[in-house]
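# Observations on the three-dimensional arrangement
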Amino acid sequence: MPTDYRPGQDTRDLFDRIAPRYDLLNRLLSFGIDRRWRRAAVRALELSGTGRVLDAATGTGDVALAIAATYSQVEIAGLDLSANMLRGAVPKLTSARERISLVQGSCENLPLTDAIFDGAVIAFGIRNVLRREVALREFFRVLKPGARLVVLEFSQPTRPLLAGLYRWYSRKILPHVGGLLSDSAAYRYLPDSVEVFPARRDFLAMMEKAGFRCPGHQDLTGGIVTLYWGCRPSGML
Ligand SMILES: C[S@@+](CC[C@H](N)C(=O)[O-])C[C@H]1O[C@@H](n2cnc3c(N)ncnc32)[C@H](O)[C@@H]1O
């Protein structure tokens with residue numbers, strides 16, 4: 001794979017290739033903190049406890065499973081571009097099988113009806129989407145009025161010391177470990193894509209432009225990741 005990988009072009013191939021070791025590398029490279037980040041995203045959905053949620057770019061289903069574990073009455077649609085990532089989710093569904101449906105498709109053109117979800121979440125996915133504005137408008141379209149979108153994404157730590165340490169870790173350690181266990185080009189793409197992802201306020205402005213109201217954000221782990229949220233206004237269909 002070329003090192004000048006661009007999102008949207010080779011995305012499906014990349015995730016199809018890294019799918020078998022995706023979960024293992026997530027746990028190793030984040031020292032297990034990734035689970036805490038996903039649980040924070042689930043809490044930020046502020047669900048009432050029933051209804052339907054979209055987990056966009058579900059990958060191997062970790063967010064969908066965290067939602068199912070937190071809310072025993074919620075149904076989840078897990079959508080992803082990569083068939084191999086979805087295949088990785090299947091054996092993990094176990095008792096949540098009845099409540100989680102997996103769909104192959106793109107966030108840029110959701111194969112879903114308007115205004116059917118009580119919440120939507122995308123974790124570590126929006127960075128890989130080429131036409132982010134289109135995807136945000138699609139999330140808006142499928143949410144019910146008053147429902148929330150939550151986005152969890154890597155960001156640049158704000159404190160210089162942590163930013164420097166994180167840059168060293170993501171440039172030197174991450175591709176090395178990724179190369180040993182999976183695909184080094186894919187794990188070189190990760191820091192590249194984080195560096196070009198919009199700044200926090202620019203991403204919030206993009207959410208507002210797509211129609212979301214009351215946007216907010218919260219840095220986690222010193223700003224290594226950021227949670228963003230916004231609502232489809234009530235009374236709007
Ligand atoms: C880094 S993984 C995140 C998976 C999961 N959300 C998690 O928290 O582990 C990114 C996922 O986004 C998916 N993806 C990228 N672009 C997409 C698009 N346009 N539509 C749907 N899924 C997409 C990839 O196939 C991949 O499974």
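Summary of the structure given here. (Residues numbered from 1 in each chain as written. Predicted model: local features only at pLDDT ≥ 70, side-chain atom pairs only at ≥ 80, totals over all residues. Heavy atoms only, no water.)

### Re the site of the ligand
Around the ligand, a shell composed of 19 residues is seen, among which Tyr22, Arg38, Ala57, Asp80 and Ala123 lie nearest. Note that an oxygen atom of the ligand is positioned 2.8 Å from one of the side-chain N or O atoms of Arg38. Between the ligand and Asp80 there is a distance of 2.6 Å, counted from an oxygen atom to a side-chain nitrogen or oxygen. About the coverage of the ligand: the protein hides 97% of its 590 Å² of free accessible area. Among the residues forming the shell around the ligand, the class breakdown is nine nonpolar, eight polar and two charged. (Near = heavy atom within 4 Å. Polar contact = N/O pair within 3.5 Å; in protein donor to acceptor, adjacent residues only side chain to side chain. Areas by Shrake-Rupley, 256 points an atom, 1.4 Å probe, with all protein chains shown as cover. Nonpolar A, V, L, I, M, F, W, Y, C, P; charged D, E, K, R; others polar.)

### Thoughts on the packing of aromatic side chains
What the rule picks out here adds up to seven aromatic pairs. Taking 4.8 Å as the distance between ring centres and 35° as the angle between the ring planes, the aromatic pair formed by Phe124 and Phe154 counts as tilted. In this pair, Phe124 sits in the loop between β4 (117-123) and α6 (132-142) while Phe154 sits in strand β5 (residues 143-154), placing the two residues 30 residues apart along the sequence. On the basis of relative accessibility, which here comes to 10%, the residue Phe124 falls in the buried class. With centroids separated by 5.3 Å and ring planes inclined at 85°, the aromatic side chains of Phe140 and Phe212 adopt a geometry described as edge-to-face. Placement of Phe140 in helix α6 and of Phe212 in the loop between α9 (200-209) and β6 (213-220) is noted, with a sequence separation of 72 residues between them. Residue classification places Phe140 among the buried positions, given a relative accessible area of 10%. On the basis of relative accessible area, Phe212 is assigned to the buried category, the value being 0%. Taken together, Trp37, Phe124 and Phe154 form an aromatic cluster joined through their ring pairs. (Phe/Tyr/Trp six-rings, centres within 6.5 Å; stacked < 30°, edge-to-face > 60°. Helix = DSSP H or I, 4+ residues; strand = E, 2+ residues; numbered from the N terminus. Buried < 20%, exposed > 50% of the residue type's maximum accessible area, 1.4 Å probe, protein only.)

### Regarding the environment of Glu108
Inspection of the secondary structure assignment puts Glu108 in the loop between β3 (100-104) and β4. For the pair Glu108 and Trp229, spaced 121 residues apart in sequence, the C-alpha separation works out to 19 Å. Polar side-chain contacts of Glu108 include one of 3.5 Å to the backbone nitrogen of Leu130.

### Structural notes on the pairing of β6
As judged from the six bridges shared by β6 and strand β7 (residues 225-231), these two strands associate in the antiparallel manner. Paired with Leu220 across the two strands is Val225, which belongs to β7. Between β6 and β7, which follow one another and run antiparallel, lie four residues, and Thr221 among them has a positive phi close to 50°. (Pairing = 2+ DSSP bridges.)

Coordinates in, geometry out; function isn't part of it.
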